[in-house]
Amino acid sequence: MKVNVASFKMTAPRIALLAAGIASVIILLVFLIFRSSPIVPITGAKVIIALPNQISSAPVIVAFAQGLFQQAGVDVINQPFQLGKDALNSVLDGKADLAVVADTPLMFALLNGADIAMVAGISRGRRTLAIVTRNDRGITRLKDLSGKSVGLAFGTNMPYFLDAMLQTYGIANDDVKQVDLKIADISLALMDGKIDAAVMFQPFLAELEADMSNKVNVFYGEDVYAYRFILAGKPAYIDSHPQEIRRILKALIAANQSIHAYPGKALVAVSNVMKIDDTILEKIFDPDDYIISLDQAMLIALDDQSRWAMRMGMVKQRPMPNYINAMKYQDLNAVSPTAVTFVH
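Residues numbered from 1 in each chain as written. Predicted model: local features only at pLDDT ≥ 70, side-chain atom pairs only at ≥ 80, totals over all residues. Heavy atoms only, no water.

A. Molecular detail of helix α6 (residues 158–168). Taken across its 11 residues, α6 has 9 buried, putting it largely inside the fold. Once α6 finishes, G170 follows within two positions and takes phi at roughly 70°, a positive value. (Buried < 20%, exposed > 50% of the residue type's maximum accessible area, 1.4 Å probe, protein only. Helix = DSSP H or I, 4+ residues; strand = E, 2+ residues; numbered from the N terminus.)

So this is what it looks like as structure tokens:
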């Protein structure tokens, strides 16, 4: 049988008809997607989140940038800070409802009797903190830090990270001179040679590496320490606003999924907030750092840091607190049961 090939040629009318058919299918799919995931009307009270503008805050930053809080039906206001400890103080002072804070300042607050509780962890970075040393001070390995000066910010997680690194490499804490500096002054002090080394977090760490290049050595502690950011608030507020808390958690889980599915889009959102060069951010932005959870590792880290704080005389010796009592896990468990993995 002969086949008339000419009859199969795509004429202009056929092309137009095919294009119209494809467009109709796309419109139908979009309609079904939005129909299956309706935007929840915004109800309830406005929620103020005190937020440090750091890379570890990415899930919250992305949730704001992509309108995920509004889609979840909650009105959230961003109260920006540079450091998590200042964000936490805003909650304790009654100026914000929730805060994103690193685990060390949260641990100090709890040990000192602060009325605060954890809602969820949002990130845990292994290369967010590092010790940076000047090559011209004869520091080619961490053991060479003995007798040297190290710049860092007290009241943050930097002192704990430094002590953990020193212990790992067999250096006594007293053998290193710790210099308390403001975050903004640490890089300049190291560049000017006023200190021999520094503890730094991202993005300041990456920016310093770019500026000083082969003049410094960088020592990460991937196997020693995880830089955790936690969403926290006063227990009474959390208990009295379950709708808002659960909608916020849904938005953060959606943001976390977006970070993993579309890291480039998330990177742009973080870059816009932090005002840093995209090429620098690309080197340090790792989607695997972000997870919405409450896990056993968080409890172990808080216990370890509490023992360290008592050993260093930063707080009075006392029985170890049960940090499970400071975990308001019920809302996260209701939204995503698999995200709560600690023994309770």
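B. Region of the structure containing the confidence of the model for the chain. Of all residues in the chain, 88% have pLDDT values of 70 or greater, and the mean over the chain is 87. Mean pLDDT across the elements of the chain bottoms out in helix α1 (residues 12–36) (43) and peaks in helix α9 (residues 235–240) (98). This stretch, residues 1–20, has a pLDDT under 50; its non-local contacts, to residues over four places away or in other chains, come to 6 contacts. Segment residues 23–36 is flagged for pLDDT under 50; beyond a separation of four residues in sequence, or across chains, it makes 0 contacts in the model. (pLDDT = per-residue confidence, 0-100. Contact = heavy atoms within 4.5 Å.)

C. Spatial organisation of helix α2 (residues 58–65). With 6 of 8 residues buried, α2 lies mostly within the body of the structure. Here α2 has its buried residues at A58, P59, V60, I61, V62 and A63. One or two steps after α2, the chain reaches G67, where phi turns positive at roughly 65°.

D. The sheet that holds strand β3 (residues 98–102), seen in detail. Spatially, the 6 strands line up as an open sheet ordered β2-β1-β3-β10-β4-β11, and their pairing is mixed. The sheet terminates laterally at β2 (76–81) and β11 (290–293), the two strands that pair on one side only. Across the sheet, the mean angle separating the axes of adjacent strands is 25° when strand polarity is ignored. As judged from the 6 bridges shared by strand β1 (residues 47–52) and β2, these two strands associate in the parallel manner. Across the sheet, residue P52 finds its bridge partner in β2, namely F81. Where helix α4 (residues 84–92) meets the sheet, its contacts fall on β1, β2, β3 and β10 (227–233), and the angle it forms with β3 comes to roughly 150°. Across the sheet, helix α13 (residues 296–311) lies against β4 (117–125), β10 and β11, angled at about 95° from β10, the strand it touches most. (Pairing = 2+ DSSP bridges. Axes fitted to C-alpha atoms, helices over the stretch in contact; angles between N-to-C directions.)

E. Representation of the packing of aromatic side chains. Using the criterion set out here, one finds 10 aromatic pairs in the structure. A ring pair is formed by F201 and Y227, whose centres lie 6.4 Å apart and whose planes are at 45°; its orientation type is tilted. Pair noted here: F201 is in strand β8 (residues 197–201) and Y227 is in strand β10, with a separation of 26 residues, a long-range link. Here the two residues F201 and Y227 agree in accessibility, since each one is buried. Connected via pairs of aromatic rings, a cluster forms that spans F108, Y160, F161, Y225 and W308. (Phe/Tyr/Trp six-rings, centres within 6.5 Å; stacked < 30°, edge-to-face > 60°.)

F. Structural context of the sheet that holds β8. Strand order across the open sheet formed by 5 strands is β7-β6-β8-β5-β9, with mixed pairing between neighbours. Looking along the sheet, the strands with just one partner apiece sit at the ends: β7 (177–180) and β9 (216–220). Taken over all neighbouring pairs, the strand axes of this sheet differ in orientation by 25° on average, direction set aside. As defined by bridge partners, strand β6 (residues 149–152) adjoins β7 across 4 bridges and the pair is classed as parallel. Paired with G151 across the strands is V179, a residue of β7.

G. The arrangement of the pattern of salt bridges in detail. In total, this model carries 10 salt bridges according to the counting rule given. The salt bridge partner of R134 is D136, with a shortest N-O separation of 2.7 Å. Assessed through its relative accessible area of 11%, R134 is described here as buried. Since its relative accessible area comes to 53%, D136 is described here as exposed. Here K328 ties to D239 by a salt bridge, and the two come within 3.0 Å at their closest N and O atoms. Linking K328 in the loop between α13 and α14 (330–335) with D239 in helix α9, this pair joins segments that are 89 residues apart in sequence. Beyond isolated ion pairs, a larger network of salt bridges with shared partners links R134, D136, R137 and D196. (Salt bridge = Lys/Arg side-chain N within 4 Å of Asp/Glu carboxyl O.)

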